[in-house]
Amino acid sequence: MIAALCRAVFVAAVVLMVSACSSVNDNQEVNSADEEATVISGGQLPPPVTEGEVSFEQALYRRQSKRSFSDRQLSLEEVGQLLWAAQGLSVDGITGPTRTAPSAGATHPLQIYLIAGNVEGLHSGFYRYDYLSHNLELLTEKDLRAELARAALNQSFIKDAPISVILAADYERTTLVYGERGISYVYMEVGHVTQNILLQGEALGLGAVAVGAFSDEEVKALLSLDEEPLMIIPLGEPLQ
Ligand SMILES: Cc1cc2nc3c(=O)[nH]c(=O)nc-3n(C[C@H](O)[C@H](O)[C@H](O)COP(=O)(O)O)c2cc1C
C-alpha cells in the first residue's frame, strides 16, 4: 500500500516536472521563417506520454527491421517520445527518479544524439538530448544524413530516414566502477536502449532498424564526438 502510494507520488512528480519544463521555453531559440511556420533550433521537447494505444505485446509482435522510409516529416512529439523512450526520466518507486533503460550501477555511460533531417518545426542538424530537462541542444545546424549514410558503409536508407538516433558511450563512467567488465556492461546497455527505441517506434507506427555496421572513426569525426559511437537507429514512416 505504502509502496503503491510512493509510486503514485513519484509518477505525479515526474509528470509535473516534465509538464512544467514544457511551458518554460527559455532555452528555445526560435527562428521564424515566416509568421506561419516557426522552426526551432533545439530547446524544450513536447512532454512524453506514458500511456499509448498500442499494447506492449503488439509492439513486440509487430517489430521487424524497416529500411525503406516515406518522405513524411516526423513531428516534434514523435521525436520527443522516441528520445524519452531511449533514456528519458522515469520512476521505479524504490530509488525514485531514474531512466527508461537500466544501467549497471547507475553509471549511465550512454549519451543520446539526434540527426534530424526532416522534422516538422525543427532545423535540420545534429543535436544532443538532455534526459533530465527533456531538451535538445543544437550542436551542428546542417543536414548530415547523407554523410552519416556514407560513414555507415553507404547504407543509403540512413539518408532517406527523417531522423537517426545515435547512441555513444563514455566507457570510463562504467569501467571506473567495474574495470574491464564494465565494457560488457556498456554493450548490454546499448541493447536495452536500442530495443526501447525500436519498440517505441513500433508503437508510434514508425519503422526503424538497428545499424551497427559503420566506421567508428568516420562517424566520430563527422560528429566531433568525444564518446564512442555504438549504434545508429534510423526511423521514419515505413514504406510497405
Ligand atoms: C547489433 C546489430 C547490428 C545490426 N546492424 C545492422 C546494419 O548495420 N544494417 C542493417 O541493415 N541491419 C542491421 N541490423 C539489423 C539486423 O539485420 C536484423 O535485426 C536481422 O536481420 C533480423 O531481422 P528483424 O530485425 O526484422 O527481426 C543489426 C542488428 C543488430 C542487433
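Everything numeric in this text was worked out from a predicted model, so none of it was measured. (Residues numbered from 1 in each chain as written. Predicted model: local features only at pLDDT ≥ 70, side-chain atom pairs only at ≥ 80, totals over all residues.)

A. How the structure looks around the overall build of the chain. Across its full length, the chain carries 8 helices and 11 strands. When each of the 240 residues of the chain is scored for burial, the buried share is 38%. Across the chain, contacts joining residues at least 24 apart in sequence account for 70% of those joining residues at least 6 apart. (Helix = DSSP H or I, 4+ residues; strand = E, 2+ residues; numbered from the N terminus. Buried ≥ 20, exposed ≤ 12 C-beta atoms within 10 Å, placed from the backbone. Contact = placed C-beta atoms within 7 Å.)

B. Molecular detail of the environment of Val193. For Val193, the position within the fold is in helix α7 (residues 181-203). For Val193, a count of 24 C-beta atoms within 10 Å puts it in the buried group. The spacing of Val193 and Ile112 is 81 residues in sequence and 9.6 Å in space, taken between C-alpha atoms. Setting aside residues up to four positions removed in sequence, Val193 forms contacts with Ala86, Gln87, Ala101, Leu110 and Leu167.

C. Main features of the sheet that holds strand β8 (residues 135-140). Within the open sheet, the 7 strands sit side by side as β3-β8-β7-β6-β9-β11-β10. Their pairing is antiparallel. The open sheet terminates on both sides in strands that have one partner only, identified here as β3 (42-44) and β10 (207-208). Judged from the 3 bridges that link them, β3 and β8 form a sheet pairing that is antiparallel. Note that in β8 the partner of Gly42 across the bridge is Glu137. Against the sheet, helix α3 (residues 76-87) makes contact with β6 (110-116), β7 (125-130), β9 (163-169) and β11 (228-236), and its axis sits at roughly 160° relative to β6, the strand it touches most. Packing against the sheet, helix α8 (residues 216-223) makes contact with β6, β7 and β11, and its axis sits at approximately 75° to β11. (Pairing = 2+ DSSP bridges. Axes fitted to C-alpha atoms, helices over the stretch in contact; angles between N-to-C directions.)

D. Geometry of the packing of α3 against α7. With their axes 8 Å apart at the nearest point, α3 and α7 run at an angle of 150° to one another. Judged on the interaxial angle alone, α7 and α3 are roughly antiparallel. Between α3 and α7 lies a crossing whose hand is right-handed. Facing Gln81, Leu82, Ala85, Ala86 and Gln87 of α3, the residues of α7 in contact are Val193, Asn196, Ile197, Gln200 and Gly201. (Parallel < 35°, antiparallel > 145°, perpendicular 65-115°, else oblique. Left-handed = near helix turned anticlockwise from the far one by under 90°.)

E. The arrangement of the pairing of β8 in detail. As defined by bridge partners, β7 adjoins β8 across 5 bridges and the pair is classed as antiparallel. The residue bridging Tyr127 from the neighbouring strand is Leu138, located in β8. The hairpin turn running from β7 into β8, its antiparallel successor, is 4 residues long, and His134 in that turn takes a positive phi close to 55°.

F. Focus on α7. Taking 1.5 Å per residue as the helical rise, α7 with its 23 residues ought to reach 33 Å, and the 34 Å between its terminal C-alpha atoms agrees with that figure. Residues Val186, Glu189, Val190, Val193, Thr194, Ile197, Leu198, Gln200, Gly201 and Glu202 constitute the buried set of α7. Phi turns positive, to about 80°, at Gly205, one or two residues after α7. (Expected span 1.5 Å × (residues − 1).)

G. Expanded view of unusual backbone geometry. Backbone geometry places His134, a non-glycine residue, at a positive phi of 55°. Tracing the backbone shows His134 in the loop between β7 and β8. Exposure remark for His134: the 21 C-beta atoms within 10 Å place this residue in the buried category. At Leu153, a position not held by glycine, the phi torsion is positive, near 55°. Mapped onto the secondary structure, Leu153 falls in the loop between α4 (145-151) and α5 (157-160).

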